[in-house]
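# Coordinate analysis (summary)
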Amino acid sequence: MSACMRFTRRVWKSFVENQGHDHRCFPNILNAKPGLLEASVKIEPYNLNRVGTAHGGYILSLTDTLGSLAVATKGQYMTGVSVDVGTSFVKPAGRVGEELTAKAIVTGIGKSLAYTRVDFFNAQGQLAAYGFHTKYIGKSSGHKHDVKFSEDGETVIEGEDLPEDVVP
């Protein structure tokens, strides 16, 4: 497993242990490389709207969570706070038991702001929704647990490479 994947899973574990809003989204992280996160979720009955498909609010929450985890793929342990987030819906995202997949990318990152885009695909592989997430990272950059990855994300070149199950 790559260093980027280990680190991103460790950040996700810290979200879950915090018991905040993010831990209720339950993404399965499939792939993490610097600036890219791929994940999936199984749609559950509590994720539905009144017409029986994945609720838009759920997808918006995933835009927030996955955008944050995309920032983590850049080596940021504390992923900042939301400044702006939005999602546009193209097709139904799915029904109970179906898998919704997502691809989150960091479209830009500076000293104070990070920008992400998240594309969601339904079980038929169709673009179901796309979202954006802008995060203020100015005060979270430079955290003692931040790392710098090799270009391919396979190794940590600055900072400490901990096992994924260790949450500092």
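If you look the protein up in an unreviewed UniProt entry, it shows as Thioesterase domain-containing protein from Somion occarium.

Looking now at the UniProt feature "domain: Thioesterase" (unreviewed entry) in the protein. The UniProt feature table records "domain: Thioesterase" (unreviewed entry) at residues 52-128. With 22% helix and 40% strand, the stretch residues 52-128 has end C-alpha atoms that lie 15 Å from each other.

With that out of the way, let us pick up helix α1 (residues 3-18). Counted at 1.5 Å a residue, the expected span for α1 with its 16 residues is 22 Å, and the 23 Å between its end C-alpha atoms agrees. Of all the positions in α1, only Ala3, Cys4, Met5, Arg6, Phe7, Thr8, Arg10, Val11, Trp12, Ser14 and Phe15 are classed as buried. For α1, the elements touching its buried residues are β1 (28-33), β2 (36-42), α2 (56-72), β7 (148-149) and β8 (156-158).

Further remarks concern the pairing of strand β6 (residues 127-136). Relative to β6, strand β3 (residues 81-89) is paired through 8 bridges, and the arrangement is antiparallel. By the bridge assignment for β6, threonine 87 is matched with glycine 131. One ladder, built from 9 bridges, connects strand β5 (residues 113-121) with β6; its direction is antiparallel. Each bridged residue has a counterpart across the sheet, and for tyrosine 115 the counterpart in β6 is threonine 134. If you look at the hairpin formed by β5 and β6, you'll find 5 residues sitting between the two strands, and glycine 125 has a positive phi there, around 80°.

Moving on, we come to the sheet that holds β5. The 6 strands are arranged β1-β2-β4-β5-β6-β3 in an open sheet whose pairing can be described as antiparallel. Every interior strand has two partners, whereas the edge strands, β1 and β3, have only one. Ignoring which end each strand starts from, the neighbouring axes of this sheet average 15° apart. The pairing of strand β4 (residues 99-109) with β5 spans 8 bridges and is classified as antiparallel. For alanine 104, the partnering residue across the bridge sits in β5 and is valine 118. Packing against the sheet, α1 makes contact with β1 and β2, and its axis sits at approximately 135° to β1.

It is worth spelling out α2 at this point. The end-to-end C-alpha distance of α2 is 24 Å, a good match for the 24 Å that 17 residues give at a rise of 1.5 Å each. In terms of burial, α2 is a largely internal element, 13 of the 17 residues being buried.

A few words on the packing of α1 against α2. Packing of α1 against α2 brings their axes to within 9 Å, and their N-to-C directions diverge by 135°. On the basis of the axis angle, α1 is oblique to α2. Considering how the two elements wind past one another, α1 and α2 form a crossing that is right-handed. Contacts between α1 and α2 involve Phe7, Thr8, Val11, Trp12 and Phe15 from the first element and Thr65, Ser68, Leu69 and Ala72 from the second. Here the residues of the contact of α1 with α2 sort into 6 nonpolar, 3 polar and no charged.

The subject of this paragraph is the packing of aromatic side chains. Within the structure shown, the criterion is met by 3 aromatic pairs. Where phenylalanine 7 meets phenylalanine 149, the ring centres are 5.7 Å apart and the plane angle is 75°; that geometry is what we call edge-to-face. Here phenylalanine 7 is found in helix α1, whereas its partner phenylalanine 149 is found in strand β7, with 142 residues between them in sequence. Their ring planes at 70° and their centres at 6.0 Å tell us that tryptophan 12 and phenylalanine 15 sit as a pair that is edge-to-face. Of this pair, tryptophan 12 and phenylalanine 15 both sit in helix α1, 3 residues apart, which is roughly one turn of that helix. Each member of the pair tryptophan 12 and phenylalanine 15 is classed as buried.

Cut-offs and rules
- Residues numbered from 1 in each chain as written.
- Predicted model: local features only at pLDDT ≥ 70, side-chain atom pairs only at ≥ 80, totals over all residues.
- Heavy atoms only, no water.
- UniProt positions renumbered as here; feature names shortened; annotations may be inferred.
- Helix = DSSP H or I, 4+ residues; strand = E, 2+ residues; numbered from the N terminus.
- Expected span 1.5 Å × (residues − 1).
- Buried < 20%, exposed > 50% of the residue type's maximum accessible area, 1.4 Å probe, protein only.
- Contact = heavy atoms within 4.5 Å.
- Pairing = 2+ DSSP bridges.
- Axes fitted to C-alpha atoms, helices over the stretch in contact; angles between N-to-C directions.
- Parallel < 35°, antiparallel > 145°, perpendicular 65-115°, else oblique.
- Left-handed = near helix turned anticlockwise from the far one by under 90°.
- Nonpolar A, V, L, I, M, F, W, Y, C, P; charged D, E, K, R; others polar.
- Phe/Tyr/Trp six-rings, centres within 6.5 Å; stacked < 30°, edge-to-face > 60°.

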